[in-house]
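# Analysis of the macromolecular model
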Amino acid sequence: MIRAEYIWVDGSQPTAKLRSKTKIVESAELADLPIWGFDGSSTNQAPGDQSDCVLRPVFVCPDPIRGGDDVLVMCDVLLADMSPHPTNTRDACAAAAEKYASLEFIFGIEQEYTFFKGSRPLGFPSEGFAAPQGGYYCGVGADEVFGREVVEDHLEACLDAELLISGINAEVMPGQWEFQVGPLPALEVSDQLWIARWLLYRIGEEHEISATLYPKPARGDWNGAGAHTNFSTSAMRSSYQPNIDAAEALGTRHDLHIANYGFGIEERLTGRHETASYKEFKYGVSDRGASIRIPWQVEREGKGYIEDRRPNANMEPYTVTRLIMETVGDAAMAQQ
Ligand code: ADP
Ligand code: MN
Ligand code: MN
Ligand code: MN
C-alpha cells in the first residue's frame, strides 16, 4: 500500500494557502491515482450546504519525507460537475500554455521566503533590531546566517522529490532565503513551486520554525521578499531583439500584472531595496532597480531570457506565468 499526500491550493483570501491530506492507494502512477474529494466549506471553497469539492491529481513525485514508494500528489480543484472551481487558476494557465505552445515558453522562478520564530523573523533579537543589512546575503557564520539546517533539509527533500531546483542562497535580510525552480514550462514550474513550498512548510514543522511568503516581513530598512520570474521563448533564446520586444510588451499591461502579482505588492515595490516602484515600469540591462532586468550575460551573448522582478514572494505561479504568456505571446504573435 502506498501513502499518497494529495496537495491543493485553497480559497483563502487575500492569499491562497496549501492544504493536504493522505489517501492510501495501490498505484502511484498519475493515470491510476483516483480523483478524491474534500470539505470545501472548511477551505473557503464552498458554502456549507454544497460543500463537496473534487481533487484531480495533476502532478506526482516521490515523497521525500515518508520515503519508500510514497508520493506527493499536486491536485487542482474541480466542482462536483467536474468543471474548474472558481479558485482553480491552473486551468486557465493550461489553456494559455496550449494557445502559446509554438513559442516554447520556459520559466525559472526565484522563491524568496522568510523564517519566523514566534512573531519575529529568525535572527532578529527578541528586543531591538538585528545589525543592519549588508553581511547577510550569501553570508557564512553564526552571526550572519539563521536557519541553514532547515534550508539544507529542504534542498535535500526537493532533490529527493526529483524537483528541478537550480540553486539556493541566503538573502539580504536575516532569516531570509531563496530557492530557484526551473527552467521549465509554465504548468511544470508552477506545480513544482507549489510542491516545493509545501515541503518548506512541512520541514519547518520538524524544526518548529515557520517559513512565510510575506512580501514585506519587516518594516523599515529591510528588503522585501519577491519571486523574480525569469522567462524566455525559443526566439528569445536564439536572438537578442525578442528579449527587448518581450520587455516592451510587459510595459503595455503593467497595471494588470501588478494587480495579479501578489497581495501587498505596493508595500514591497517602493522604488527602494532593489525594486522599481509599482507606479512605474522600466527595464534595463543589469538594473536591479528596474521592473524587468536583462541579465548582463544576455546582452553580451545576444540571446537568452529576461527577469520580471515584480512578482511578490506570495504570488500565485499559475497566474503569473499565464499573464506573462498572454502579454508576451500576444505581442509576439501580432508581429508574425
Ligand atoms: P539572480 O541573479 O536574479 O539572483 P538566479 O540565479 O537566482 O538569478 O535565478 C535565475 C533563474 O533563471 C533560474 O531559476 C534559472 O533556472 C532561470 N533561467 C536560466 N536560463 C533561463 C532561460 N533561458 N529561460 C528561463 N529561465 C531561465
Ligand atoms: Mn536569485
Ligand atoms: Mn533574491
Ligand atoms: Mn533575481
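Residues numbered from 1 in each chain as written. Chains lettered and ligands numbered in written order. Predicted model: local features only at pLDDT ≥ 70, side-chain atom pairs only at ≥ 80, totals over all residues. Heavy atoms only, no water.

## Side note on unusual backbone geometry
What counts here: Starting at the N terminus, helices and strands are each numbered in turn, a helix being any DSSP run of H or I of at least four residues and a strand any DSSP run of E of at least two.
Looking along the chain, the bond that leaves Q13 and enters P14 is cis, with omega of 0 degrees. In this structure, the amide linkage connecting G182 to the following residue, P183, adopts the cis form with an omega of 0 degrees. Take P183: it is sitting in strand β9 (residues 176–184). Its identity is not glycine, yet M82 carries a phi of approximately 75 degrees, on the positive side. Here M82 shows up in the loop between β5 (71–78) and α1 (90–99). A positive phi angle, close to 65 degrees, is found at E162, a residue other than glycine. Checked against the element boundaries, E162 lands in the loop between α2 (148–160) and β8 (165–170).

## Topic: the sheet that holds strand β2 (residues 18–25)
Filter applied, for reference: If DSSP finds at least two bridges between two strands, the strands pair. For helices, the axis comes from a line fit to the C-alpha atoms of the stretch in contact; other axes are also lines fit to C-alpha atoms, and the angle between any two N-to-C directions lies between 0 and 180 degrees.
The strand order β2-β1-β5-β4-β3 describes an open sheet built from five strands, whose pairing is mixed. Each end of this open sheet is capped by a strand with a single partner; those strands are β2 and β3 (36–39). When strand polarity is set aside, the average angle formed by the axes of neighbouring strands in this sheet is 40 degrees. Alignment of strand β1 (residues 2–9) against β5, held across four bridges, turns out to be parallel. Residue E5 lies in a different strand from β5, and its bridge partner there is L72.

## Overview of the coordination of the manganese ion (ligand 2)
Which entries qualify depends on this criterion: Each metal site lists N, O and S donors within 2.8 Å (3.2 Å for Na, K and Ca). With water left out of the atoms, a site can look as if it is missing ligands. When a residue's accessible area, from a 1.4 Å probe over protein chains only, is under 20% of the maximum for its type it is buried; when over 50% it is exposed; and in between it is partly exposed.
For the manganese ion (ligand 2), the full set of protein donor atoms is E110 (OE) and E178 (OE), and the range of their distances to it is 2.2 to 2.3 Å. Here the manganese ion (ligand 2) and the manganese ion (ligand 3) are spaced 3.8 Å apart, with E178 acting as a shared donor. A residue pair is termed long-range when its members are at least 10 positions apart, and E110 in strand β6 (residues 106–117) and E178 in strand β9 qualify at 68 residues. You can call E178 buried: its relative accessible area is 4%.

## Quick word on the coordination of the manganese ion (ligand 4)
Only E110 (OE), E110 (OE), H228 (ND1) and E307 (OE) from the protein reach the manganese ion (ligand 4) as donors, at distances of 2.0 to 2.5 Å. Taken in sequence order, the residues that donate to the manganese ion (ligand 4) follow the motif E-x117-H-x78-E. You can call H228 buried: its relative accessible area is 9%. Accessibility expressed as a relative area gives 0% for E307, which makes it buried.

## Here we look at the domain arrangement of the chain
In plain terms, the rule: For the domains described, the bounds stem from an automatic or database domain assignment. Here, two residues are considered to be in contact whenever any of their heavy atoms come within 4.5 Å of each other. By buried area we mean how much accessible surface two parts lose on assembly, using a 1.4 Å probe and totalling the loss over both. Criterion for a salt bridge: a side-chain nitrogen of Lys or Arg within 4 Å of a carboxyl oxygen of Asp or Glu. In protein, a polar contact means a hydrogen-donor-capable atom and an acceptor-capable atom, both N or O and within 3.5 Å, with residues adjacent in sequence counting only if both atoms are side-chain atoms; elsewhere, any N or O pair within 3.5 Å suffices.
The domains assigned to the chain are domain 1 (2–88) and domain 2 (97–335). On a C-alpha basis, the centroid separation for the pair domain 1 and domain 2 is 25 Å. Taken together, the contacts link 16 residues of domain 1 with 18 residues of domain 2. Taken together, the two surfaces of domain 1 and domain 2 that pack against each other cover about 1,500 Å², and 82% of this comes from carbon and sulfur. The three residues of domain 1 that bury the most area against domain 2 are L18, F59 and I65, which together make up 33% of that side's buried surface. Taken together, the connections running from domain 1 to domain 2 amount to zero salt bridges. Taken together, the connections running from domain 1 to domain 2 amount to one residue pair in polar contact (both at pLDDT 80 or more). Elements with a minimum of two residues in the side of domain 1 that touches domain 2: β1, β2, β4 (52–62) and β5. The element contributing the most residues to the side of domain 1 that touches domain 2 is β4, with four residues.

## Structural notes on the layout of surface pockets
How we decide: Both cavities and pockets are sets of points on a 1 Å grid over the protein atoms alone; in a cavity a 1.4 Å probe fits but cannot get out, in a pocket the set is open with protein on both sides within 12 Å along at least five of seven lines, and lining residues sit with an atom within 4 Å of a point. Grid points are joined across faces, edges and corners, and a volume is the space filled by probe spheres set on the points. Residue classes follow a fixed rule: Ala, Val, Leu, Ile, Met, Phe, Trp, Tyr, Cys and Pro count as nonpolar, while Asp, Glu, Lys and Arg count as charged, and any other residue, Gly among them, counts as polar.
Volume-wise, the largest pocket comes out at about 960 Å³. What lines the largest pocket is a set of 38 residues, and nearest its centre among them are P14, T15, A16, K17 and N314. Elements represented by at least two residues in the lining of the largest pocket include exactly β2, α3 (186–207), β10 (210–212), α6 (254–259) and α7 (265–268). The element that contributes the greatest number of residues to the lining of the largest pocket is α3, accounting for six residues. Residue classes in the lining of the largest pocket are distributed as 17 nonpolar, 13 polar and eight charged. Here the lining of the largest pocket spans two domains, and each of domain 1 (2–88) and domain 2 (97–335) adds at least three residues to it. When its volume is computed, the second largest pocket comes out at roughly 600 Å³. The wall of the second largest pocket is formed by 31 residues, among which E110, E178, H228, R293 and E307 lie closest to the centre. If you list the elements that add at least two residues to the lining of the second largest pocket, you get β6, β8, β9 and β11 (229–232). Ranked by residue count, the leading element in the lining of the second largest pocket is β6, at six residues.

## Some thoughts on the nonpolar core
Put simply, the rule is: Residues enter a nonpolar core if they are buried and are Ala, Val, Leu, Ile, Met, Phe, Trp, Tyr or Cys, with the set joined through side-chain atoms within 4.5 Å.
With 76 residues, the main nonpolar core has F115, L163 and F231 as its most contacted residues. Broken down by element, the residue count for this core peaks at eleven residues, all from α3. Core analysis: the next-biggest nonpolar cluster, separate from the first, contains 14 residues, I2, L33, L55 and V71 among them.

## As for the pairing of β1
Burial runs high along β1: seven of the eight residues are buried. Bridge count for β1 against β2 is eight bridges, and the pairing is antiparallel. Across the sheet, the residue bridging to V9 is L18, located in β2.

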